[in-house]
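# An overview of the molecular structure
Okay, here's what each chain looks like letter by letter:
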Amino acid sequence: MTGKIELGRAYRPSDDVVVREIEGEIVIVPLTSGIGDLEDELLTLNETGRAIWARLDGSRPLAAVVAELESEYEDAEGEVRVDVVGFMQELYDRRMIVEKS
Amino acid sequence: MTAKSFVRKVPSGMSGLWRATAPKLARLDIELTERCNCACLHCSVARPAGDAEAEAREWPTERWQALLDEAAGLGCLVVRLTGGEPLLRSDFEEIYLHARKLGLRVMLFTNATLVTARLARLLRDVPPLEAVEVSIYGMTRESCEAVTRAPGSFAAARRGLGLLAENGVPFVVKGAVLPPTRGEADEFEAWAADLSGSAGPPAFAVLFDLHSRRDAARSAVIAGLRSGGDEFVRFSRRHGDEAVGEWGEFCGRTGGARGDRLFICLPAAASASVDPYGRLQYCLGLRHPATLYDLAAGSLREAVTEFLPRLRETRAADPAYLERCARCFLRGLCAQCPAKSWAEHGTLDTPVEYFCGVAHAQAIAAGLLEPGEKAWAVRDGAERAKRRRNGS
């Protein structure tokens, strides 16, 4: 999938993946074909990834997610935004999230 | 936020996925039906496809769906759908899709004869995430149907494989070394290597279990088909001594007697099986009444958190087992287990001479035993296996 993540847009999990929480781990399982390159692997999120993922309900633009996380994490200015956009771009490229229409 | 890598890819084999506690149930094997449209000579399960009595007792769609819901809730990641021939179930697609929508990976075991264009497209669009495992018993119509005893099954299986390949559905083929197919192994491997869509090298079944429902007539047929230990060694050596070296290495790694605990099978530690009628078992082959749990009268959670842990504490009582198997250092080679004992003797803890003989033949080939030695009588067996592993 091509396209750039934009802070002004809202995103939600794709219907092409199933997200499971198992023993404290978030596990993302492809449902349809062509999701990333995960035919033989599973994807889990680290703590940072989980904090972002939990806010991906499509209800607010990504900029609002960044603002929420900036209030929780004491990172250098702009670092959270860079991290969030990087994470979202990875998920978007894997077709694991979609723009909220 | 300091971590720059937010995601972690882990192999689907599950080891390494869990940083804290592993789920109580990692894999669930579901035998959707005992019925099969083939009647393979060596099969330890199958009933005729038209067995109405068996079909009437099989769990309906919604029971399987509810069980899958419960399995996913327990953290299960992989479900194996097998049989009999699971594609005989008219609701197979419903059950399959239900599992996949729960985020379960699906291992499908089939003979491929009932694969349709529609099913192949479904497996393409909603992939099982595990290679489909296809049993193909013969390189010619004559040899194949001498095993399957189902006219038309050779062509139907080839057609099914073709549909999987056309739709890019990964599969692996599995053969069997039986009187009609002996001598075909090399040809089978060459065919499998060139097969479009094949996701890996073929596997062969060489050592066969007796009938797991203890049908004496069926067991007698299977016993007559079995390869002996020496034949198994010869088959394993057909491409060189790599397998024999692995036996010695593995035995050194698992060295030491198994003791009197009967359920020491590590792969089954977080898995369970369910028969077509909703009875949970330790594994697919073990049907001893004392090892069954009726899911209709309980729950999957209770079965995996209470019933199976109790079962795993079962100790052997048979004097012959305690004299031989419990003291034997070949546990890494020997297939002895409660399921084999059940199929052969109707017990959990009786030594199975067939598998004992095969393990001894392997051990002699691997340099772990001298001809005539009995492994359980070798006092320094574990040390011997370790020395062999270390090359000294």
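Here the structure is a predicted model, which means the values were calculated and not measured. (Residues numbered from 1 in each chain as written. Chains lettered and ligands numbered in written order. Predicted model: local features only at pLDDT ≥ 70, side-chain atom pairs only at ≥ 80, totals over all residues. Heavy atoms only, no water.)

### Thoughts on the nonpolar core
All names here are of chain B. Counting 67 residues, the largest nonpolar core has Leu28 and Leu280 as the members making the most contacts within it. Counting residues per element, this core draws most heavily on helix 11 (residues 300-311), at six residues. The residues contacting Leu28, other than those within four sequence positions of it, are Leu67, Ala71, Cys76, Val78, Val79, Arg80, Ala272, Ser273 and Val274. (Core = buried A, V, L, I, M, F, W, Y, C linked by side-chain atoms within 4.5 Å. Buried < 20%, exposed > 50% of the residue type's maximum accessible area, 1.4 Å probe, protein only. Helix = DSSP H or I, 4+ residues; strand = E, 2+ residues; numbered from the N terminus. Contact = heavy atoms within 4.5 Å.)

### Observations concerning the pairing of strand 10 (residues 271-274) of chain B
Residues and elements named next belong to chain B. Here strand 10 shows two buried faces, one formed by Ser271 and Ser273 and the other by Ala272 and Val274. The pairing of strand 2 (residues 27-31) with strand 10 spans four bridges and is parallel. The residue of strand 10 that forms the bridge with Arg27 is Ser271. Across two bridges, the pairing between strand 10 and strand 11 (residues 279-281) is antiparallel. For Ser273, the partnering residue across the bridge sits in strand 11 and is Gln281. Here strand 10 folds back onto strand 11, and the loop between the two strands holds four residues, one of which, Gly278, carries a positive phi near 85°. (Pairing = 2+ DSSP bridges.)

### Focus on the layout of surface pockets
Residue and element names in this part refer to chain B. Counted as a void, the second largest pocket has a volume near 280 Å³. Looking at the second largest pocket, it is lined by 14 residues, and the ones nearest its centre are Phe235, Ser236, Arg238, Ala243 and Glu246. The set of elements that each furnish at least two residues to the lining of the second largest pocket consists of helix 9 (229-236) and helix 10 (242-253). Of the residues assigned to the lining of the second largest pocket, the class counts are six nonpolar, three polar and five charged. (1 Å grid on protein atoms, 1.4 Å probe; cavity = no way out; pocket = protein on both sides within 12 Å on 5 of 7 lines; lining within 4 Å. Points joined across faces, edges and corners; volume = space filled by probe spheres on them. Nonpolar A, V, L, I, M, F, W, Y, C, P; charged D, E, K, R; others polar.)

### Quick look at the confidence of the model for chain B
Here chain B averages 92 in pLDDT, while 93% of its residues score no lower than 70. Scoring the predicted complex yields pTM 0.92 and, for the interface, ipTM 0.87. (pLDDT = per-residue confidence, 0-100.)

### Quick word on the side chain of Thr110(B)
Residue position: Thr110(B) is located in strand 6 (residues 105-110). Excluding its chain neighbours within four sequence positions, the residues that come into contact with Thr110(B) are Glu85(B), Leu87(B), Val132(B), Glu133(B), Val134(B) and Ser135(B).

### Regarding empty space enclosed by the protein
Residues and elements named next belong to chain B. Under the defined criterion, the tally for this structure stands at one cavity of 30 Å³ or more. Its volume calculated, the largest cavity comes out at about 120 Å³. In terms of lining, the largest cavity is formed by Arg258, Arg324, Cys325, Cys328, Cys334, Gln336, Pro351, Cys356, Ala359, His360 and Trp376. Along the lines of polarity and charge, the residues of the lining of the largest cavity split into seven nonpolar, two polar and two charged.

### Here we look at the pattern of salt bridges
Residue and element names in this part refer to chain B. With the rule as written, the count across this model stands at 45 salt bridges over all chains. Asp275 is paired through a salt bridge with Arg287; the nearest N and O atoms lie 3.9 Å apart. Placement of the pair is Asp275 in the loop between strand 10 and strand 11 and Arg287 in the loop between strand 11 and strand 12 (293-294), with a sequence separation of twelve residues. Since its relative accessible area comes to 0%, Asp275 is described here as buried. On the basis of relative accessibility, which here comes to 9%, the residue Arg287 falls in the buried class. Each of Glu31, Glu34, Arg47, Asp51, Glu53, Arg57, Arg213, Asp275, Arg279 and Arg287 takes part in salt bridges that share partners, so that together they form one network. (Salt bridge = Lys/Arg side-chain N within 4 Å of Asp/Glu carboxyl O.)

### Let's talk about the packing of aromatic side chains
Residue and element names in this part refer to chain B. Per the counting criterion, the structure on display carries ten aromatic pairs over all chains. For the pair Phe188 and Trp191, a centre-to-centre distance of 5.5 Å together with 55° between the ring planes defines the contact as tilted. With Phe188 and Trp191 both in helix 7 (residues 185-194) and three residues apart, this pair spans about one turn of that helix. Plain terms: the ring middles of Tyr354 and Phe355 are 5.0 Å apart, the flat faces sit at 65° to each other, and that makes the pair edge-to-face. Each member of the pair, Tyr354 as well as Phe355, carries the same accessibility label: buried. (Phe/Tyr/Trp six-rings, centres within 6.5 Å; stacked < 30°, edge-to-face > 60°.)

### Focus: the sheet that holds strand 6 of chain B
Residue and element names in this part refer to chain B. If you walk across this open sheet you meet the nine strands as 9-8-7-6-5-2-10-11-12, and the pairing is mixed. Here the strands that pair on one side only, and so sit at the sheet edges, are strand 9 (203-205) and strand 12. Pairing analysis gives four bridges linking strand 5 (residues 78-82) to strand 6, with the strands arranged parallel. Following the sheet pairing, Arg80 is matched in strand 6 by Met107. Packing of helix 11 onto the sheet brings it into contact with strand 10, strand 11 and strand 12, and relative to strand 11 it is tilted by some 35°. (Axes fitted to C-alpha atoms, helices over the stretch in contact; angles between N-to-C directions.)

### Considerations on the state of the cysteines
Residue and element names in this part refer to chain B. Throughout the structure, instances matching the rule amount to zero disulfides over all chains. Free of any disulfide, Cys43 has its nearest neighbouring cysteine sulfur in Cys40, separated by 6.4 Å. Here Cys328 is not cross-linked by a disulfide; its sulfur's nearest cysteine counterpart is in Cys334, at 6.5 Å. You can call Cys328 buried: its relative accessible area is 10%. (Disulfide = S-S within 2.5 Å.)

### Re unusual backbone geometry
Excluding glycine, residues mostly have negative phi values, and the peptide bonds linking residues are mostly trans. That bond from Gly83(B) to Gly84(B) is cis: its omega, 20°, falls within 30 degrees of zero. Looking at the element boundaries, Gly84(B) is found in the loop between strand 5 and helix 3 (92-101). Of note, Glu23(A) is a non-glycine position whose phi angle comes to about 45°, a positive value. Counting through the fold element by element, Glu23(A) comes out in the loop between strand 2 (17-22) and strand 3 (25-30). The phi angle at Arg95(A) is positive, at roughly 65°, despite the residue not being glycine. In this fold, Arg95(A) is placed in the loop between helix 3 (79-93) and strand 5 (97-99).

### Structural notes on helix 8 (residues 216-225) of chain B
Residues and elements named next belong to chain B. Listed as buried for helix 8 are Ser219, Ile222 and Leu225. Buried residues of helix 8 fall within an arc of 115° about the axis and therefore sit on the same side. For helix 8, the exposed residues lying more than 90 degrees away from the buried face are Ala216, Ala217, Ala220 and Gly224. (Arc of directions from axis to C-beta.)

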